[in-house]
Amino acid sequence: MQQLQVTDLHVEFGGLRAVDGLSFAVEEGEILCLLGPNGAGKSTTLDLICGKTQPTGGSIRLNGTEISQMLEFRRARLGIGRKFQVPSVYRDLTVAENLSVARSRRPGLWSALTRFSLSDVRETEGILERVDLSSKREELAGNLSHGETQWLEIAMLIAQDSRLILMDEPTAGMTIQETEKTAEIFRSLSDSHTLIVVEHDMSFVRTVADRIIVMNRGAMLAEGSIEEIETNEDVKTAYLGH
Amino acid sequence: MTSRFHYDLVALVIFTVVIVFGVPALMNYDGFELNTFARYLALAIVSMALALSWGTAGLLNLGQAATFGMGSYAMAMHLKLRASNGLPDFMGWNNVPELPLIWMPFESLAFTLLAGLLIPAFVGGLIAIFMFRARIAGVFVAIITLAFLVAFQLLVIDQQGLTGGQNGLTGLAQLSLPGWTVDPYSMGFYYLVAGCLAVALAVGVYLTHSKFGLVLRAIREDADRTRFFGYNVATYQTAVFCISAALAGWAGMLYTMVLEFASPTYMGVSFSLAIVIWCAVGGRESVIAAAFGAIIVNMLEGRLSDVFVEGWHLMLGVIFVLVVMFMPRGIYGLLSELAAKLRRAGRQGNAASIDPSSKTQLETGQEQ
Ligand SMILES: Nc1ncnc2c1ncn2[C@@H]1O[C@H](COP(=O)(O)OP(=O)(O)OP(=O)(O)O)[C@@H](O)[C@H]1O
Ligand SMILES: [Mg+2]
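Calculation criteria
- Residues numbered from 1 in each chain as written.
- Chains lettered and ligands numbered in written order.
- Predicted model: local features only at pLDDT ≥ 70, side-chain atom pairs only at ≥ 80, totals over all residues.
- Heavy atoms only, no water.
- UniProt positions renumbered as here; feature names shortened; annotations may be inferred.
- Donors = N, O, S within 2.8 Å, 3.2 Å for Na, K, Ca; no water.
- Helix = DSSP H or I, 4+ residues; strand = E, 2+ residues; numbered from the N terminus.
- Buried < 20%, exposed > 50% of the residue type's maximum accessible area, 1.4 Å probe, protein only.
- pLDDT = per-residue confidence, 0-100.
- Contact = heavy atoms within 4.5 Å.
- Phe/Tyr/Trp six-rings, centres within 6.5 Å; stacked < 30°, edge-to-face > 60°.
- Lys NZ or Arg CZ within 6 Å of the ring centre and 35° of its normal.
- Pairing = 2+ DSSP bridges.
- Near = heavy atom within 4 Å.
- Polar contact = N/O pair within 3.5 Å; in protein donor to acceptor, adjacent residues only side chain to side chain.
- Areas by Shrake-Rupley, 256 points an atom, 1.4 Å probe, with all protein chains shown as cover.
- Salt bridge = Lys/Arg side-chain N within 4 Å of Asp/Glu carboxyl O.

Per an unreviewed UniProt entry, chain B is named Amino acid/amide ABC transporter membrane protein 2, HAAT family, and its organism is Roseovarius pacificus. The heading Subcellular location (unreviewed entry) in the UniProt record of chain B holds the text "Cell membrane".

Per an unreviewed UniProt entry, chain A is named Urea transport system ATP-binding protein, and its organism is Roseovarius pacificus.

Okay, structure coming up:
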């Protein structure tokens, strides 16, 4: 079943067409990788889906519901989670507190007023272990290393448990082992989640991608399996800049 | 959290015991001294209310004095009606023919108490909805709330027939509860105010350790990020504004009872800025620290303003600048950094005495 359907999406930043007539669909449980040279519009596409940026044209449907004009918190409640390119965790909060904020099954005021700050963390037992952060529960997120910060944000996305998760360069700054582990986590996530992943690391893409879309100048350049993409002439030209 | 929550509970209990039992004993149960201290305690409530919105949620509300004033006037209207036979005296002087409609329900104590909490909450909520729906943040929140404060004070002064204008409401009766006429120089009154502060602080401690408080801290750090987790940021911000305004109104009601009059100076800019200073001196991250800050600064003012009659405001300004420059997290920040240092020193000391190899590690660590 199609979970997300993007049709003829447009956005302009002062004359620059960052996304220009993009259409694609994502199946439930799929891992779709978005590739493309710097400035191709990958992050902007994720911004449009999660509501950080408003489109100037086109439609975005989540399970059939038009969401392109919805406020971002409503889209989040409908089941869209986002990891940002620049890791964005709460540096003044502890690791456990970060997870508790991310665990937002009941985002309403009343439930927040009637629960203790960490009562939701119990439901996420095991996530910290999975990303090797259990010993840092009480540490401020601002004291984590870059790699650990990436892990923490991934852990937060797992805790949020959105049906559709948008990951912007999740392995940037990770070691090879860490990248492999991320791939493993993503594969197991895809049992019950749909993922759109922006990545530059081709070996990572090879391991996780069910399907690949290559973007260039805001539009789709190619779509297909890893083999199809690697042999595509247009893609080679775009990356080599001819 | 659990450990920090426990620290706060311990601090709350100690604080309550000190103000309920310690302070009266220190003052030899002297009614006049205790009335002065009750005034500090009422101001502590408005300071802790600001800590909720400013410290927890990062929303600097410079209009706190307006909601404080609303509570203060609500109580004063009730006590004025109790003191008057028919029309309050100042209305006669202003040629007001009969009791205005909005004064009538203040005959009832129950209505007055509710109004003193709910009117500030309602007005605070209204301003908050307008600001936070439009995603106004940072310094603009301070500017808008300050502008509201100035406009509101002008309105109150202007409506002389309703509010007593520049003179405020004076010649008030003492509050009479069933079976108890509240004399502001009595022990009973002191316990009433101290009890109110303790309850307000308990509410504040609970809120800061609830998920609500956690989400507010998340919003303070990165409101946009928090929206992507599905939280309606404007709703949370509006809620904390309402709660903070209601607490300020509560403080205002007590303040009127302490001083036995209500004045438009309670809604002045300098009073509002003073609240910010108390909160900053104590430490805005903690409601208990903010309450402590209000008490300390006001005690200082009580001692020093006799000596430096005109210079006190200048000194208050200097204190504020020094606090912002040298202890931005207030007394609370100073203490918690000290505690963290002691803990670390303790750990290192233990490690060194137990295991010689860790000591060498430590030394090499210091050389780097
Ligand atoms: N808010 C904005 N205002 C103006 N221009 C923007 C904005 N956001 C993105 N752009 C521009 O849109 C284009 C696409 O940017 P985008 O961040 O989507 O690229 P990307 O494919 O994610 O690249 P990278 O691999 O470097 O992350 C770039 O030229 C960028 O400068
Ligand atoms: Mg990008």
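Focus on the coordination of the magnesium ion (ligand 2)
Residues and elements named next belong to chain A. Looking at the magnesium ion (ligand 2), the protein donor atoms are Ser43 (OG) and Gln85 (OE1), and they sit 1.9 to 2.2 Å from it. With Ser43 in helix 1 (residues 42-50) and Gln85 in the loop between strand 6 (80-83) and helix 3 (95-102), this residue pair connects regions lying 42 residues apart in the sequence. Classification of Gln85 by relative accessible area gives partly exposed; the value is 36%.

A short note on the confidence of the model for chain B
Residues and elements named next belong to chain B. When the pLDDT values of chain B are averaged, the result is 90; 94% of them are 70 or greater. Contacts from residues 355-368, a stretch scored under 50 in pLDDT, to residues over four places away or in other chains number four contacts. With pTM at 0.92, the complex prediction returns an ipTM value of 0.94.

Overview of the packing of aromatic side chains
Across all of its chains, the model carries 20 aromatic pairs over all chains by this definition. An angle of 70° between the planes, with centres 6.1 Å apart, marks the rings of Phe68 of chain B and Tyr266 of chain B as edge-to-face. Taken together, the positions of Phe68 of chain B in helix 3 (residues 64-83) and Tyr266 of chain B in the loop between helix 11 (233-259) and helix 12 (269-282) put the pair 198 residues apart, joining distant regions of the chain. When sorted by exposure, Phe68 of chain B lands in the same class as Tyr266 of chain B, which is buried. A cation over an aromatic ring shows up here: Lys181 of chain A above the ring of Trp151 of chain A, its NZ or CZ 5.6 Å from the ring centre. Its guanidinium or amino end placed over the ring of Trp54 of chain B, Arg284 of chain B lies 4.6 Å from that ring's centre, counting from NZ or CZ.

Digging into the pairing of strand 10 (residues 219-224) of chain A
All names here are of chain A. With five bridges connecting them, strand 9 (residues 211-216) and strand 10 associate as antiparallel partners. Following the sheet pairing, Ile212 is matched in strand 10 by Gly224. Count of turn residues in the strand 9/strand 10 antiparallel hairpin: two residues, of which Arg217 carries a positive phi of about 45°.

Some details on the site of ligand 1
All names here are of chain A. Residues in contact with ligand 1 amount to 13 residues; listed here are only the nearest, Asn38, Gly39, Lys42, Ser43 and Thr44. Contact distances for ligand 1 include 2.8 Å between an oxygen atom and a side-chain N or O atom of Asn38. Within the side chain of His200, a nitrogen or oxygen atom sits 3.3 Å from an oxygen atom of ligand 1. For ligand 1, the accessible surface in isolation is 630 Å², of which the surrounding protein chains cover 61%.

Details of the environment of Leu34 of chain A
Residue and element names in this part refer to chain A. Looking at the secondary structure, you find Leu34 in strand 3 (residues 31-35). Separated by 190 residues in sequence, Leu34 and Gly224 have C-alpha atoms that sit 11 Å apart. Apart from residues lying up to four places away in sequence, Leu34 is in contact with Lys42, Thr45, Leu46, Ile196, Val197, Val198, Glu199, Ile213 and Met215.

Regarding the pattern of salt bridges
For the structure on display, the rule yields 25 salt bridges over all chains. For Glu233 of chain A, the salt bridge is made with Lys236 of chain A, and the minimal N-O distance between the two is 3.8 Å. In this pair, Glu233 of chain A and Lys236 of chain A are both assigned in helix 10 (residues 233-240), three residues apart and thus about one turn of the helix distant. The residue Lys80 of chain B makes a salt bridge to Asp89 of chain B at a minimum N-O spacing of 2.9 Å. Residue Asp89 of chain B is classed as partly exposed on the basis of its relative accessible area, which comes to 38%. Ionic contacts of the salt-bridge type, sharing partners, join the residues Arg106, Arg115 and Asp120 of chain A together with Lys211 of chain B into one network.

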